[in-house]
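Analysis of the macromolecular model
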Amino acid sequence: MLNPYMPIPVDVEKIITEVDTKDIKTFRVVFVHEDEKERFKYLPGQFAELSIFGKGESPIGIASSPTQPDYLEFTIQKAGVVTSALHNLDEGSRIGLRGPLGNSWPIDYLEGKNIVVVGGGFAFTTLRSLTNYMIHDNNRSRFGDITVVYGARSPGLLMYKDELSAWEKREDINMYVTVDKGDETWKGREGFVPTVCKEVGPSSENAVTLICGPPIMIRFTLPVFFELGFSRENIITSLEMRMKCGIGKCGRCNVGSKYVCKDGPVFLLAELDELTKEY
Amino acid sequence: MEKRLIKKEMLYDVIKRISEEILVYAPVREGKDVLFRVLEEGMELLVDYPNSKNAPKNIFFPHTEAMMRYARTDRGMEISGSGEEAKEAVLFGVRPCDALSFVLLDMVFDQKEYRDTYYIDKRGKTTIISLACVHPPYTTCFCTSVGGHPMSSEGSDILLTDLGDTYFIEFLTPKGEKLLEKFGNLSEIDDTVDSIKKKLSDNSEKKIKSHIPAKESKAWLDDNFEHPFWDTIHQRCLACGTCTYLCPTCHCFDISDENKGNRGRRIRSWDSCMYWLFTHEASGHNPRPSQKERWRQRVMHKFKYYVDNFNAISCVGCGRCVRDCPVNIDIRKIVEDISKLKALKL
Ligand SMILES: Cc1cc2nc3c(=O)[nH]c(=O)nc-3n(C[C@H](O)[C@H](O)[C@H](O)COP(=O)(O)OP(=O)(O)OC[C@H]3O[C@@H](n4cnc5c(N)ncnc54)[C@H](O)[C@@H]3O)c2cc1C
Ligand code: SF4
Ligand code: SF4
Ligand code: FES
C-alpha cells in the first residue's frame, strides 16, 4: 500500500530570484529516482506538498508545465517557517515532495475554446504552467485564441521576465503585461489588471477565462468579465486555504462539503456559487 | 455467522489468555474514569461499565503518532524510516456507538484514491469485540437518533450480549470468526436465544430517552449557512476543544516535525476546528475568524457535510461532548433548536 504521506526526494537544481524584493524565488527540482519521475503525472493547476524535514510541509502550486518533462518548478513567496527555510536553501539541496495533488485547470473543458488568462501578483504560477502547456507545439492547435493579462504592482515585481518577453514575441498568443505603477525604465503598459482587461475586452464568444490573484484583484476583475458576457460557468479560479494533509483527511481545508485540497483547488465560479462563502 | 454462549466468568479468562498472545486493548479503571489501555498482567478488566471517558478512536488514530523518521545527512534531512508497523490486536469492550464510529472514520481514512496507511494498518489488524448496551448507560445517550442502536453490531467483529449468567456471543465477520478457536469450548445456542435477544433489544431501545431530530436538520442546514441562529450557539464556548477530542468521529489532525539533534520525526496529532489557528493562513487571513464560524463548522460537518459526502451523520450519539463540555453547550439542544427554526425563511 502506497503511503500518501511519504515525501519522495527531489534535488533543487536551480534557484531563480524572481523579484527585486527577493522574497519570491523559483525552485527548479529534479527527481532523484527515475521511477518516481515516471509516476509523477500532472496537469497545470495541480499542486504538491514540499517538505523540508525539521521544518514541515507547504502546499505549493506547480509552476512548470508537463510539456517541460525534465524538471518541476515551484515559485514560492517567503511567508513563514517552511517557505523561509526553502528560501534559505542552496542549489543542490535535497527536499521532499508529495504529489501531484488536487484537481487541475479543466483542460478538456478548455479545449476548442478561446482562452483568457488573467493573473495578478505571484498567484500567476499555475496559470504560467497552463500557458506554457497550451502554447506548446503539441497542444497549441487544441485551443483557440489565447490572451494573457498579467500584472504586478511594479516592474520589479513581475516574475518570469524572460519568458514573458518570449511570449510577447509570439504571434499565436496575445500578451498584455501591466504594472500598477511604472518607473523610469518601464516602457510597458501601466494600469490595474481589471482596467487592462476592460481595455482588451476579449470576446466572451466560445471563451473561458481563468483568473488568479489577490482577492481584491479578483473582486474588481469579475464585474469586467460579467460585463463582457462571460457566464459563471466560463470563469474559473483557484482557491487557497490552509492545508496539511493535502488529501482530504485532516479536515482543514473544506469549503462547505468540498475539500479544496482534493476537489479543488480549481473551481468554476458556478461551482463556487454552490458552496458556502467560507474562504 | 457463528453464534454461541459463553459463561460470564469464562469470558475474563478467555480475554486474559488472548492478551498473553497478542495485544488486547480493554477498558480499565483509572481514577474515576474508564479508559482503554493495553491489558497487562494484574490489570482488572471491566465488562460492566457505562462507557469510556475517551472514545477508543485513539487505538487506530493515536493522539500523536510518528509518520516517519528522518536524519541529517550532508545533503540535508533524509527519511530514515517510516512509521511503526501495527501489531495484531483485539479491541475489547467497545460500546455499539463507538463501534459505529469506526465505520464512519473508515469513510474518510479508507478512500479509494488516498488510503491513510497508518489508520488502515492498525484498523485492519485489530478485531473489535463489542458489548451491547442492554442497559443504555446515560441520559445523554442518543444513538437511535443518528443511525445507531444500543444493541447494534455495526462496526463490530464480535458482539457480546449480556443474558444474565452468560453472554450471547456472535462472531459477525471473518475476522471475528478467526478468533472463535481462541474462545475454546463454547456452548451451542438453542432457538430461544434469538428471541430473547430481540426482546432485550427492543427494551434497550425504549430506554434511550434522549431523541433529537438529527436527520431532519439537514434540510435547514442546506439553506441557512447565513442565519442569525449561528450568532447564538457559540457564545459561552471557551474553545477548549474538549468536545472534539472526546468525540469518536472527529478526525482532524495537524502534521508537524519534531527535532532532536540530527534526527527527528514527522508526527501527526489531533487538531480541532474549535481552535482559531486551525484555518489561519500564513498571510494572516482566516476564513473562520471567530468562534461563531468554528461552531458552525462543527455542526455543519457532522450533520450536513458528512451527509453530503458519505450519506451518514458524523455523530454516533455517545453524548461525550454533552457530558464534558465545561460550559454545558449541548449539541442535542442545538439540533433541536434548528428543527424549530425550520419554518423561518430568510
Ligand atoms: C493549493 C495551494 C497552492 C499554493 N501555491 C503557492 C505557490 O505557488 N507559491 C507560494 O508561495 N505559495 C503558495 N501557496 C501558499 C503557501 O502554501 C503558504 O504560503 C505556505 O504554506 C506558508 O507556509 P510557511 O510554513 O512558510 O508559513 P507558516 O505561517 O509558518 O505556516 C505553517 C503551516 O501552515 C500551513 N499554511 C499556512 N498558510 C497557508 C496557506 N496560505 N496555504 C496553505 N497552507 C498554509 C502550512 O501547512 C504551513 O506549513 C499555496 C497554497 C495552496 C493551498
Ligand atoms: S467542549 Fe464546550 S467549551 Fe470546549 S470547545 Fe467544545 S463547545 Fe466549546
Ligand atoms: S458529537 Fe458528541 S455525541 Fe456525537 S459522537 Fe461526537 S462526542 Fe458523541
Ligand atoms: S489539507 Fe487536509 S483535508 Fe485538505
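Residues numbered from 1 in each chain as written. Chains lettered and ligands numbered in written order. Predicted model: local features only at pLDDT ≥ 70, side-chain atom pairs only at ≥ 80, totals over all residues. Heavy atoms only, no water.

Attention now goes to the overall build of chain B. A tally of regular secondary structure across chain B gives 11 helices and 12 strands. Its C-alpha radius of gyration of 22 Å places chain B within 12% of the 20 Å reference for a compact globule of 346 residues. Expressed as lengths along the three principal axes of its C-alpha atoms, the size of chain B is roughly 65 × 65 × 40 Å. Carbon and sulfur atoms make up 50% of the accessible area of chain B, which amounts to about 15600 Å² in all. Within chain B, the 52 negative side-chain charges are centred at a point lying 4 Å from the centre of the 52 positive side-chain charges. (Helix = DSSP H or I, 4+ residues; strand = E, 2+ residues; numbered from the N terminus. Rg over C-alpha atoms; globule rule 2.2 N^0.38 Å. Areas by Shrake-Rupley, 256 points an atom, 1.4 Å probe, with all protein chains shown as cover. Lys, Arg positive; Asp, Glu negative; His and termini not counted. Charge placed at Lys NZ, Arg CZ, Asp CG, Glu CD.)

Our focus in this paragraph is the overall build of chain A. The helix and strand inventory of chain A stands at eight helices and 15 strands. Considering only C-alpha atoms, chain A reaches an extent of 50 × 45 × 35 Å along its principal axes. A buried classification covers 60% of the 279 residues belonging to chain A. Taking contacts inside chain A between residues at least 6 apart in sequence as the whole, the part at least 24 apart equals 68%. Of the roughly 11500 Å² of accessible surface on chain A, 49% is carried by carbon and sulfur atoms. (Buried < 20%, exposed > 50% of the residue type's maximum accessible area, 1.4 Å probe, protein only. Contact = heavy atoms within 4.5 Å.)

Bringing the interface of chain A and chain B into the picture now. Listed as interface residues are 41 residues of chain A and, on the opposing side, 46 residues of chain B. Buried area between chain A and chain B, both sides added, is near 3700 Å², and the carbon and sulfur share of it is 53%. Of all residues in chain A, Phe 53, Lys 249 and Glu 278 of chain A give up the largest surface area on contact with chain B, accounting jointly for 21% of the area buried on that side. The tally of links between chain A and chain B comes to eight salt bridges. For Lys 244 of chain A, the salt bridge is made with Asp 254 of chain B, and the minimal N-O distance between the two is 3.3 Å. Viewed at the interface, chain B and chain A are joined by 34 residue pairs in polar contact (both at pLDDT 80 or more). Put simply, the parts of the chain that give the side of chain A that touches chain B at least two residues each are strand E3 (47-52), strand E4 (56-61) and strand E6 (94-101) of chain A. The element best represented in the side of chain A that touches chain B is E6 of chain A, accounting for three residues. When the residues that make up the side of chain A that touches chain B are grouped by side-chain class, the tally is 17 nonpolar, 12 polar and 12 charged. (Buried area = accessible area lost by both parts, 1.4 Å probe. Salt bridge = Lys/Arg side-chain N within 4 Å of Asp/Glu carboxyl O. Polar contact = N/O pair within 3.5 Å; in protein donor to acceptor, adjacent residues only side chain to side chain. Nonpolar A, V, L, I, M, F, W, Y, C, P; charged D, E, K, R; others polar.)

Let us look at the nonpolar core. One finds Phe 92 and Phe 183 of chain B to be the most contacted residues of the largest nonpolar core, which totals 94 residues. Dropping the residues within four chain positions of it, Phe 183 of chain B is found in contact with Ile 6, Met 10, Leu 11, Val 14, Arg 17, Ile 129, Ile 158, Ile 169 and Phe 171 of chain B. If you look at the next biggest cluster of nonpolar residues, it comprises 35 residues, including Trp 105, Leu 130, Tyr 150 and Val 266 of chain A. (Core = buried A, V, L, I, M, F, W, Y, C linked by side-chain atoms within 4.5 Å.)

Turning next to the site of ligand 2. Close contacts around ligand 2 come from Cys 237, Leu 238, Ala 239, Cys 240, Gly 241, Thr 242, Cys 243, Trp 295, Cys 325, Pro 326, Val 327 and Ile 329 of chain B, and that covers them all. Class assignment for the residues of the shell around ligand 2 results in 10 nonpolar, two polar and no charged. (Near = heavy atom within 4 Å.)

So, on to the sheet that holds E3 of chain A. Residue and element names in this part refer to chain A. Strand order in the open sheet formed by six strands is E4-E3-E6-E1-E2-E5, and the pairing between neighbours is antiparallel. Edge positions in the sheet fall to E4 and strand E5 (72-77), since each has one partner strand and no second. Geometrically, the sheet is characterised by an average inter-axis angle of 40° between neighbouring strands, direction not taken into account. Alignment of E3 against E4, held across six bridges, turns out to be antiparallel. Across the sheet, residue Leu 50 finds its bridge partner in E4, namely Ser 58. (Pairing = 2+ DSSP bridges. Axes fitted to C-alpha atoms, helices over the stretch in contact; angles between N-to-C directions.)

Quick look at the confidence of the model for chain B now. In the predicted model, chain B carries a mean pLDDT of 93, and the fraction of residues at 70 or more is 99%. For this predicted complex, the interface confidence reaches an ipTM of 0.91, while the overall pTM sits at 0.93. (pLDDT = per-residue confidence, 0-100.)

Applying the stated rule across the entire model yields 48 salt bridges over all chains. Between Lys 198 of chain A and Glu 227 of chain A there is a salt bridge; the shortest N-O distance is 4.0 Å. Of this pair, Lys 198 of chain A sits in helix H6 (residues 193-200) while Glu 227 of chain A sits in helix H7 (residues 215-227), and the two are 29 residues apart along the sequence. By the burial criterion, Lys 198 of chain A is exposed, and Glu 227 of chain A matches it. The residue Lys 182 of chain B makes a salt bridge to Glu 21 of chain B at a minimum N-O spacing of 3.7 Å. One end of the pair, Lys 182 of chain B, is in the loop between helix H4 (174-178) and strand E10 (187-188); the other, Glu 21 of chain B, is in helix H1 (residues 8-21), and 161 residues separate them in sequence. Residue class for Lys 182 of chain B comes out partly exposed when judged on its relative accessible area of 23%. Residue class for Glu 21 of chain B comes out exposed when judged on its relative accessible area of 53%. It is possible to trace a salt-bridge network through shared partners that takes in Asp 11 and Arg 94 of chain A together with Arg 75 and Glu 78 of chain B.

The subject of this paragraph is the site of ligand 3. The environment of ligand 3 is made up of Phe 142, Cys 247, Pro 248, Arg 298, Lys 302, Cys 315, Val 316, Gly 317, Cys 318, Gly 319 and Cys 321 of chain B. For the shell around ligand 3, the class distribution of residues is seven nonpolar, two polar and two charged.

Residue and element names in this part refer to chain A. Relative to the helices and strands, Arg 98 is located in strand E6. Taking the relative accessible area as the measure of exposure, Arg 98 reaches 3% and is therefore buried. For Arg 98, the side chain forms a polar contact with the main-chain oxygen of Pro 4, separated by 3.2 Å.

Every α-helix carries 3.6 residues per turn, so stepping three or four residues along brings you back to the same face. Residue and element names in this part refer to chain B. If you check which residues of H1 are buried, you get Leu 11, Val 14, Ile 15 and Ile 18. In a view along the axis of H1, the buried residues occupy a sector of 95°, so they form one face of it. Residues of H1 that are exposed and angled more than 90 degrees away from the buried face: Glu 9 and Glu 20. Where the residues of H1 are buried, they touch strand E1 (2-7), strand E2 (23-30), strand E6 (89-94), strand E7 (126-131), strand E8 (158-162) and strand E9 (166-171). (Arc of directions from axis to C-beta.)

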